[in-house]
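Here are the chains, one letter per residue:
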Amino acid sequence: MMRYPRRKHEHAAEIPLAVTGVSFRIAPGESVGMVGESGSGKTTTAYCVARLLEPTGGAVRFMGTDITHLRGNTLRMSRRQMQMVFQDPFSSLNPRMYIEQIVEEPLRAYQVGDRAARRTSVRDLLDSVGLDPRFARRYPRELSGGQRQRVCIARALAISPQLLICDEPVSALDVSMQAQIINLLKDLQRDLGLAYLFISHDLAVVRSICDRVVVMHDGEIIEQGDCAAIYESPTHPYTKKLLDSARVRTRSGADYDGVA
Amino acid sequence: MSETWRQFWHLLKRDVPAFIALIWLVLTVILCTWGYFTVQTASLRQNLNMRLIPPGTSHGLAYLLGTDGLGRSYVERLLVAGATSLVIAASVVAISAVIGGALGIISGNAPSAVDTVIMRVCDVIMAFPSMLLALIALYTISTSPVVLIGVLAFTRLPIYIRTARGEALRTRGLLYISAARMSGTRPMAVTFRHIVRAALPAVWTLVTFEIALTMLTESGLSFLGVGIQPPGASWGLLVSDGQTYLYSSWWVAVLPGIAIMATAVALRVLGGVVSSVLEG
Amino acid sequence: MSLLEVKDLTTSIVTRRGTVHAVQGVSFGVERGSSVCVVGESGSGKSVMARSIIRLLPREARIVSGSVVFDGTDLRTLPEKRLEDLRGMRIGMLFQDPMSCLNPVLTIGTQITETIRRHLRVPRAEAYKRAVELLGEVRIDNAERRMADYPHQYSGGMRQRVMLAIALSCDPDLLIADEPTTALDVTVQARILDLLEDLRQARGLALLLITHDMRIVERVADQVLVMYAGQIVESGKRKDVLGSPQHPYTEALLGAVPDIDDSGARTSRLTAIPGSPPDLTATLAGCRFAPRCGYARLDDGCASAEVELRAVGAGHLVRSCHPAIAREAKG
């Protein structure tokens, strides 16, 4: 059971918003979405969970260990089962490395197998995200946005994590590539039993991937619970506002003929 | 790694000036090295009957490029001098690039106290005109080539430090660094695998400029008498020696000048190609 | 007469890899006050087409053939100077990334007033007043104070509103918007689109909007053009194209959009089109979509014969060997 109770984080320099009193849990194999507008604190929260930032207060417990204030090698070891897929498929891959080297990096870091074994793993990983093995010797700039995001997912899966934190993984993609990645993430979850913390500003995407949802606004959790329940009958007015603006409204409802 | 070479050749084949540059540099290095080990003593042989002969084929291969004020074969002089110039320039640049680059990356990644100290030291070094600093050092310590290399490298450190630091700062915020940390890569490995790799193109571009600059600075110092001392020679020293004969026997000063210029330009042109490859 | 009439527009771009045939024989019209949405994936040629209309193409691109007539004026042969006047005065433009269109070292106020003065030649004081009014129209609070702010002090949504204000400053007849909300939050997107709609109604503005998101099309369009590999593959009124899509690609695009109200969303799959768009440097024959089409069969002749646009309803055209009505008829 993974728990993330009560985080407080002041991040004065970049985001002039605190994240306060954020508490939620993610069960193994469960997919939890985090929604809200830009600046609501979703990304800060995700980075705190991933321990790329250190929370000022509260605790982050992952697989029974309190990782809130760990540093260095202990941190590395204790969050081995947690991986992240970042928002921008363009800058999250080192432009001067081959795809193979990029996906291999976690394997090298945790010294999994020897060179040959790692190479095979990389090929298997690329295959599992739907990329042809010949992409291994290419540079990121030769790939499309959707393909790059697949590489990010392959890299994240390399050391078989239990939890995948996805920070707006499809926001930078075309609608058709978005659909491919969403399908991929759903398949992977089903096949590997992964838990997801899925950050997105797009409520429709969250609905198709998540079991539960956490709604954030101004650094605080407004509402959280079962996805379908909240979408169909939101209790908090802000949630209602979010859902309304995400729903398609046409101007003169008269000639509206819904999307099939 | 082999991929980088392949790209390099690929770009080179299509870029005629770069190809010529490469050939010039390779030839220069080979000839000068050969010259240094074979004709060094010959180049010192003075022949006062053969003073100031202009370039031409009338006196045979050894005098193809004429002679200088002391009747020494200029072909031989140029080759030997070239070896010295190239070795000095290469050493200076290698030392300052490696040390400066390392300091810059450290500075960009270190806590602000360390960063501030390194930056202020840079400011101090940059506050002195490099020629003046070199003059003082060479006068007070000695004029050996080692001191020359050392002091020239020292004066050029700040620019490498600043460039490398800038690149380190820029790269620090990029997502792939965060991704590397999430992948479990240790901080040292992150620095070498990602940050250094990112800083390399900028530092390399600097190197191609600096070699030429070093050759010119060294020639200035030699002219002032504190650089390479006779009987040693460098292209710079030959240029300054040739000053006296500039209007009568132009080749004494002009030929080594052309050598410096051609090498500098070739390095820049080739450097451009290498930069493109390093950028990926 | 339509406000904008485009016939057989063909644009090519010269690149190191070869000549990219980005736009191939595109024809459509935009009526006064109506909104036309061009929808397609990246690489479909939609942006190049929009830029071809106002000749804002990079040097390597050339309009090879076709005509572009705006309110009776041939835009292809118009001298550059007069075209510059036209852009801004009569045709406004809104691009995807406002940060790259705004000068970071000038205040917002300066940038708007300069645009107004460039085209309308009014004294500075009056331009300033108009600028403040415009900021209010695009629903930026405290407009007067915000004139003195710099672009980096604005959020993404606000910057796009500023770009809209600049685009509308000289009261154009047509607004060309290229993926104007793609870089924004879905909630901010909604507000910008509503704003766009309201302003459009109030001013009788015609809109040509380029997007890859069917949800935006649903919200904003009167007419829809679906582009693929440089060609229009389906066009018609919104209710026809979205209500009964004919082309397999249109169907796939619609199926790829996640539905916020779908209770089965968690377990169902979105329509993902396999493969990727064709390489436009190659000379292609036959139906460009055939390699990715779920209905194409080897003996269909899809890949060989050029497919033309055919009408399947009033004003509803489709370029396909397997339009939905044909498939339904087969049973």
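Computed from a predicted model, the values in this text were never measured in an experiment.

Thresholds, definitions, all that
Numbers given for residues are sequential positions, taken from 1 along each chain in its written order. By the order in which they are written, chains take letters starting at A while ligands take numbers starting at 1. The predicted origin of the model limits local features to residues at a pLDDT of at least 70 and limits the giving and counting of side-chain atom pairs to 80 or more, whereas totals for whole chains, interfaces and linings rest on all residues. Based on all heavy atoms of the structure, the side-chain values leave hydrogens and waters out of the count. Each helix is a run of DSSP H or I of at least 4 residues and each strand a run of E of at least 2, with the numbering of both proceeding from the N terminus. Residue contacts are counted whenever heavy atoms from the two residues lie within 4.5 Å of one another. For every residue, the accessible area obtained with a 1.4 Å probe (protein chains only) is divided by the maximum for its type, and the residue is called buried under 20%, exposed over 50%, and partly exposed between those limits. Values of accessible area rely on a 1.4 Å probe in the Shrake-Rupley scheme; residue burial ignores everything except the protein chains shown. Charge assignment: positive for Lys and Arg, negative for Asp and Glu; neither His nor the chain ends contribute. Charge positions are represented by NZ for Lys, CZ for Arg, CG for Asp and CD for Glu. Here the quantity called buried area is the accessible surface, traced with a 1.4 Å probe, that two parts lose on coming together, added over both. Salt bridge, as used here, is a side-chain nitrogen of Lys or Arg placed within 4 Å of a carboxyl oxygen of Asp or Glu. For this analysis, a polar contact is any N or O atom pair within 3.5 Å, provided that within protein one partner can donate a hydrogen and the other can accept it, and provided that sequence-adjacent residues contribute only side-chain to side-chain pairs. Aromatic pairing here means that ring centres of Phe, Tyr or Trp (its six-membered ring) are within 6.5 Å. Orientation follows from the plane angle: under 30 degrees is stacked, over 60 is edge-to-face, and everything else is tilted. Disulfides are defined as cysteine sulfur pairs within 2.5 Å. Here the rule is simple: two strands pair whenever DSSP picks up at least two bridges between them. Axis lines are fitted through C-alpha atoms, for helices just across the contact stretch, and the angle between N-to-C directions can take any value from 0 to 180 degrees. Exposure above 30% relative accessible area and the absence of a salt bridge qualify a residue for a patch, where like charges join within 9 Å and nonpolar side chains (Val, Leu, Ile, Met, Phe, Trp, Tyr) within 5 Å. Only protein atoms enter the 1 Å grid, on which a cavity is a set of points fitting a 1.4 Å probe that cannot get out and a pocket is an open set with protein on both sides within 12 Å along at least 5 of 7 lines, lining residues being those with an atom within 4 Å of a point. Grid points are joined across faces, edges and corners, and a volume is the space filled by probe spheres set on the points. In these notes, a set of buried Ala, Val, Leu, Ile, Met, Phe, Trp, Tyr and Cys residues joined through side-chain atoms within 4.5 Å is what counts as a nonpolar core.

Quick notes on the overall build of chain B
A tally of helices and strands in chain B yields 11 helices and zero strands. Along its sequence from the N terminus, chain B presents helices and strands in the succession α-α-α-α-α-α-α-α-α-α-α. Once the C-alpha set of chain B is aligned to its principal axes, its extents read approximately 75 × 50 × 30 Å. Contacts spanning at least 24 positions in sequence make up 70% of the contacts within chain B whose residues lie at least 6 apart.

Examining the overall build of chain C
Along its length, chain C carries 12 helices and 12 strands. If one aligns the C-alpha atoms of chain C with their principal axes, the spans along those axes are about 70 × 50 × 40 Å. A buried classification covers 53% of the 331 residues belonging to chain C. Of all intrachain contacts in chain C linking residues separated by at least 6 positions in sequence, the fraction that spans at least 24 positions is 64%. Just so you have it, chain C exposes about 14,000 Å², and 52% of that area is on carbon and sulfur atoms. Looking at charge distribution, chain C has the averaged site of its 42 positive side-chain charges lying 4 Å from that of its 41 negative ones.

Notes on the interface of chain B and chain A
Opposite the 21 residues of chain B that make contact, chain A presents 30 residues. For the pairing of chain B and chain A, the buried interface totals around 2,400 Å² over both sides, and the portion due to carbon and sulfur atoms is 50%. By the criterion of area lost to chain A, the three top residues of chain B are L175(B), M182(B) and S183(B), representing 30% of everything that side buries. Applying the counting rule to chain B against chain A returns one salt bridge. Across the pair R193(B) and E105(A) runs a salt bridge, and its minimum N-O distance is 3.1 Å. On inspection of chain B and its partner chain A, the count reaches eight residue pairs in polar contact (both at pLDDT 80 or more). Going through the elements one at a time, α1 (2-14), α8 (175-182), α9 (187-223) and α11 (251-279) of chain B are the ones with two or more residues in the side of chain B that touches chain A. Among the elements that line the side of chain B that touches chain A, the one with the most residues is α8(B), at seven residues.

Digging into the packing of aromatic side chains
All names here are of chain A. Scanning the entire structure with this criterion turns up seven aromatic pairs over all chains. On the basis of an interplanar angle of 75° and a centroid distance of 6.3 Å, the ring pair of Y47 and F86 is categorised as edge-to-face. In this pair, Y47 sits in helix α1 (residues 42-49) while F86 sits in the loop between β7 (82-85) and α3 (99-109), placing the two residues 39 residues apart along the sequence. Side by side, Y47 and F86 carry an identical accessibility label, which is buried.

Some thoughts on the interface of chain C and chain A
In this assembly, 45 residues from chain C lie in contact with 44 residues from chain A. In this assembly, chain C packs against chain A so that about 3,700 Å² is buried in total across both faces, 47% of it on carbon and sulfur atoms. The interface formed by chain C and chain A holds four salt bridges in total. Of the charged contacts, one joins R191(C) and E37(A) as a salt bridge, the two residues approaching to 2.7 Å between their closest N and O atoms. Inspection of the chain C/chain A interface yields 15 residue pairs in polar contact (both at pLDDT 80 or more). Of all the elements in the fold, those that place two or more residues in the side of chain C that touches chain A are α8 (186-203), α9 (214-220), α10 (238-243) and α11 (248-255) of chain C.

Here's the deal with the state of the cysteines
Note on terminology: a disulfide is the covalent bond linking the sulfur atoms of two cysteines. Residues and elements named next belong to chain A. Scanning the model with the defined rule gives zero disulfides over all chains in all. With no disulfide of its own, C152 lies 10 Å from the sulfur of C166, the closest cysteine sulfur. What makes C152 buried here is its relative accessible area of 2%. With no disulfide of its own, C210 lies 5.8 Å from the sulfur of C227, the closest cysteine sulfur.

Some details on the sheet that holds strand β4 (residues 61-70) of chain C
All names here are of chain C. With respect to topology, four strands assemble into an open sheet ordered β2-β1-β4-β5, the strand pairing being antiparallel. Where the open sheet ends on each side, the last strands, each with one partner, are β2 (18-30) and β5 (73-74). Of the pairings in the sheet, the one linking β4 to β5 comprises two bridges and is antiparallel in character. Directly across from F70, in β5, lies its bridge partner T73. Seen against the sheet, helix α1 (residues 46-53) touches β1 (4-15), β2 and β4 and runs at an angle of roughly 115° to β1.

Looking at the pairing of β1(C)
All names here are of chain C. With eight bridges joining them, β1 and β2 adopt antiparallel strand pairing. Of the residues in β2, the one forming a bridge with E5 is G29. A loop of two residues connects β1 with β2, the two strands running antiparallel in sequence. Here β1 runs beside β4; their pairing, made up of eight bridges, is antiparallel. From the neighbouring strand, T11 faces β4, where its bridge partner is I63.

Quick notes on unusual backbone geometry
Residue and element names in this part refer to chain C. In this structure, R55 is a non-glycine residue whose phi angle is positive, near 55°. Relative to the helices and strands, R55 resides in the loop between α1 and β4. Backbone geometry places A229, a non-glycine residue, at a positive phi of 50°. With relative accessibility at 3%, the residue A229 sits in the buried group.

Focus: a nonpolar patch on the surface
Residue and element names in this part refer to chain B. Together, W5, W9, F19, I23, L27, L31 and W34 give the surface a local cluster of nonpolar side chains, amounting to about 750 Å² of exposed area. Contributing elements (two or more residues each) for the nonpolar patch: α1 and α2 (16-38). Within the secondary structure, W5 sits in helix α1. Residue class for W5 comes out exposed when judged on its relative accessible area of 51%.

Observations concerning the arrangement of the chains
Among the two pairs of chains that make contact, the interface with the largest number of contacts is formed by chains A and C. Contact between chain B and chain C is absent, and the minimum C-alpha spacing across the pair is 13 Å.

Focus on empty space enclosed by the protein
Across all of its chains, the model carries three cavities of 30 Å³ or more by this definition. By volume, the largest cavity is sized at about 130 Å³. If you trace the largest cavity, you find 14 residues lining it, with A246(A), V186(C), Q189(C), R215(C) and R219(C) closest to the centre. Looking at the lining of the largest cavity, the elements with two or more residues in it are α9 (237-246) of chain A together with α8 and α9 of chain C.

Section: the nonpolar core
If you look at the biggest cluster of nonpolar residues, it comprises 157 residues, and the most contacted ones within it are F28(C), I53(C) and L174(C). When neighbours within four sequence positions are excluded, F28(C) is seen to be in contact with L4(C), E5(C), V6(C), M49(C), I53(C), L208(C), L225(C) and I232(C). In this structure, C32(B), M215(B), L255(B) and V274(B) belong to the second largest nonpolar core, which totals 46 residues.

Some words on the pattern of salt bridges
Residue and element names in this part refer to chain B. Counted under the stated rule, the structure contains 39 salt bridges over all chains. The partner of R165 in a salt bridge is D115, with the nearest N and O atoms 2.8 Å apart. Within this pair, whereas R165 is found in helix α7 (residues 145-172), its partner D115 is found in helix α5 (residues 112-127), the two being separated by 50 residues in sequence. A single burial state applies to R165 and to D115, both of which are buried.

Remarks on the sheet that holds strand β3 (residues 35-39) of chain C
Strands pair in a sheet through their backbones, by hydrogen bonds, and they do so in one of two ways: parallel or antiparallel. Residue and element names in this part refer to chain C. Across the sheet, which stays open at both edges, the eight strands sit in the order β6-β7-β8-β3-β9-β10-β12-β11 with mixed pairing between neighbours. In the strand order of this sheet, the two ends are held by β6 (91-94) and β11 (310-313), each with one partner. Taking each pair of neighbouring strands and ignoring which way they run, the sheet shows an average axis angle of 20°. Pairing analysis gives five bridges linking strand β7 (residues 174-178) to strand β8 (residues 206-211), with the strands arranged parallel. Note on β8: the bridge partner recorded for A177 is L209. Taken strand by strand, α1 contacts β3, β7, β8 and β9 (223-228), and its axis lies near 150° from that of β8.

By themselves, these are just geometric observations and shouldn't be taken as functional.
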